[in-house]
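Observations on chain architecture
Letter by letter, the chains look like this.
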Amino acid sequence: MTADVLAVIGVGGMGQAVVRRSGAGRKVLLADFNEALLQDAVDTALGEGYDVASQVVDVSSRDSVAALAAAARELGTVTGVVHTAGLSPVQAPAEAIWKVDLFGVALVLEEFEKVIARGGAGVVISSMSAYMAGGQIPAEALADLAAKPADDLLGLPFVTGIDNLGYAYSVAKRANQARVQAESVRWGGRGARLNSISPGVISTPMGRQELAGESGAQMRAMIEGSGTGRLGTPGDIANAAAFLLSSEASFITGTDLLVDGGVVAALDAGRWAQEAG
Ligand SMILES: NC(=O)c1ccc[n+]([C@@H]2O[C@H](COP(=O)([O-])OP(=O)(O)OC[C@H]3O[C@@H](n4cnc5c(N)ncnc54)[C@H](O)[C@@H]3O)[C@@H](O)[C@H]2O)c1
């Protein structure tokens, strides 16, 4: 019997939570460019009884992503792909953010579309920042970000014209949502679904670094003003991913699920601006 394969790209806080929530009973292919972190994640998952394989990947390299997709196919029937690899503004300069968060996501969608099985599903992790600064992208630029071939994205004038790091991250994340929507049509042609999740502030290594950075105070104010008033956990995102991967979401494709504890709602209602300001 061929194995049911779940590929989890990025084994930081969210990736590891996805393995715990959705990995049991499947062959899980773990991938990350940080070899030490990847080995730790493999050891932990094996120790907890998961059936795991691993491969080093740099999501900003087409050859590397194509090799990962081929490895997943080699392991069995690729029924799930969860793309969590990413960089945030406290971790990297704008050039790396564009390469990993914009180009890398587009590459993963193009390469995994070739191997996803009928009935399979993909989930891409975007960000609530797509609903904030990322919401200001002109329609024409957004259409290009959604539909131009991955190899053209880094040369788009709209992209090369942005030098603000935080804005680059928000644009990349809004582009991820638009890209997922556009690519879901091709994935649908293979009988597979594709959606994104936009997390709020989640307590992972990345989230904690952001909270300790210069936007930390602003982020805490947003959380306090939100409907839930709390930080998100990696499990909150893994639960949403499990739903989108499952047959319960069989009529859901090409959309984004905002999992932010109510931050964007509070912001839109003017609550955070009042309390912070
Ligand atoms: N944590 C938050 O508060 C938060 C909020 C909104 C969105 N997000 C998004 O969620 C996703 C997951 O973040 P996380 O919180 O689990 O972060 P994390 O830092 O814990 O994990 C991200 C992983 O991506 C890997 N990675 C980075 N560049 C890579 C590359 N070129 N190739 C392969 N792997 C690479 C890192 O090594 C790391 O293991 C990211 O896309 C992030 O932008 C996070």
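Quantities reported herein were computed from a predicted structural model and do not represent experimental measurements. (Residues numbered from 1 in each chain as written. Predicted model: local features only at pLDDT ≥ 70, side-chain atom pairs only at ≥ 80, totals over all residues. Heavy atoms only, no water.)

**Some thoughts on the overall build of the protein**
The helix and strand tally for the protein stands at 12 helices and 7 strands. Since a compact globule built from 277 residues should have a radius of gyration of about 19 Å, the 18 Å found for the protein is in line with a globular shape. For the protein, the C-alpha atoms occupy an extent of roughly 60 × 40 × 35 Å along the three principal directions. Looking at the protein as a whole, 53% of its 277 residues qualify as buried. Residue pairs at least 24 apart in sequence account for 76% of intrachain contacts in the protein once pairs closer than 6 positions are excluded. If you sum the accessible surface of the protein, you get close to 11900 Å²; carbon and sulfur atoms cover 52% of it. Side-chain charges of the protein comprise 20 positive and 30 negative groups, with the mean position of each set lying 6 Å from the other. (Helix = DSSP H or I, 4+ residues; strand = E, 2+ residues; numbered from the N terminus. Rg over C-alpha atoms; globule rule 2.2 N^0.38 Å. Buried < 20%, exposed > 50% of the residue type's maximum accessible area, 1.4 Å probe, protein only. Contact = heavy atoms within 4.5 Å. Areas by Shrake-Rupley, 256 points an atom, 1.4 Å probe, with all protein chains shown as cover. Lys, Arg positive; Asp, Glu negative; His and termini not counted. Charge placed at Lys NZ, Arg CZ, Asp CG, Glu CD.)

**Side note on the site of the ligand**
Neighbouring residues of the ligand: 30 residues in total, closest D32, Y169, K173, I202 and T204. Interatomic distance of 2.8 Å between a side-chain N/O atom of Y169 and an oxygen atom of the ligand. In isolation the ligand has 830 Å² of accessible area, and contact with the protein removes 95% of it. Elements that contribute at least two residues to the shell around the ligand include exactly α1 (13-22), α7 (165-189) and α8 (205-212). No other element matches the 3 residues that α8 contributes to the shell around the ligand. (Near = heavy atom within 4 Å. Polar contact = N/O pair within 3.5 Å; in protein donor to acceptor, adjacent residues only side chain to side chain.)

**Topic: the sheet that holds strand β5 (residues 116-125)**
If you trace the 7 strands from one edge of the open sheet to the other, you get β3-β2-β1-β4-β5-β6-β7, paired in parallel fashion. In this open sheet, the two edge strands, each paired with only one partner strand, are β3 (51-56) and β7 (256-259). Within the sheet, the average angular offset between the axes of one strand and its neighbour, ignoring direction, is 20°. In the sheet, β5 pairs with strand β6 (residues 193-199) via 5 bridges, with the strands oriented parallel. Looking at β6, one finds that V124 is bridged to S196. α7 rests against β5, β6 and β7 of the sheet, and its axis sits at about 165° to β6. Docked against the sheet, helix α10 (residues 234-245) engages β1 (3-9), β4 (76-83), β5, β6 and β7, running at close to 165° with respect to β6. (Pairing = 2+ DSSP bridges. Axes fitted to C-alpha atoms, helices over the stretch in contact; angles between N-to-C directions.)

**Focus on the nonpolar core**
Within the largest apolar cluster, 53 residues are counted, with the highest numbers of intra-cluster contacts made by I9, V59, W98, L102, F112 and L145. When residues of this core are traced back to their parent elements, those giving at least two are β1, β2 (27-32), α3 (62-75), β4, α4 (94-113), β5, α5 (139-147) and α7. The dominant element in this core, judged by the number of residues it contributes, is α4, at 12 residues. When neighbours within four sequence positions are excluded, I9 is seen to be in contact with A31, V57, V59, L68, V81, V82, H83, T84, A85, V108 and F112. Counting residues in hydrophobic clusters, the runner-up holds 29 residues, among them V18, V19, A41 and L245. (Core = buried A, V, L, I, M, F, W, Y, C linked by side-chain atoms within 4.5 Å.)

**Topic: the pairing of β2**
Counting buried residues in β2 gives 6 out of 6 residues, a clear majority hidden from the surface. Side-chain alternation along β2 places K27, L29 and A31 on one buried face and V28, L30 and D32 on a second face that is also buried. Inspection of the sheet shows β1 paired to β2 by 5 bridges, in the parallel sense. By the bridge assignment, A7 is partnered in β2 with L29. For the segment spanning β1, α1 and β2, crossover handedness is right-handed. (Right-handed = clockwise from strand over helix to strand, strands pointing away.)

**With respect to the side chain of E113**
Tracing the sequence through the fold places E113 in helix α4. For E113, a relative accessible area of 12% puts it in the buried group.

**Here we look at the pairing of β1**
Of all 7 residues that make up β1, 5 are buried, and the element is covered over most of its length. Both β1 and β4 contribute to a ladder of 7 bridges, which runs parallel. Bridging across to β4, A3 finds its partner in G76.

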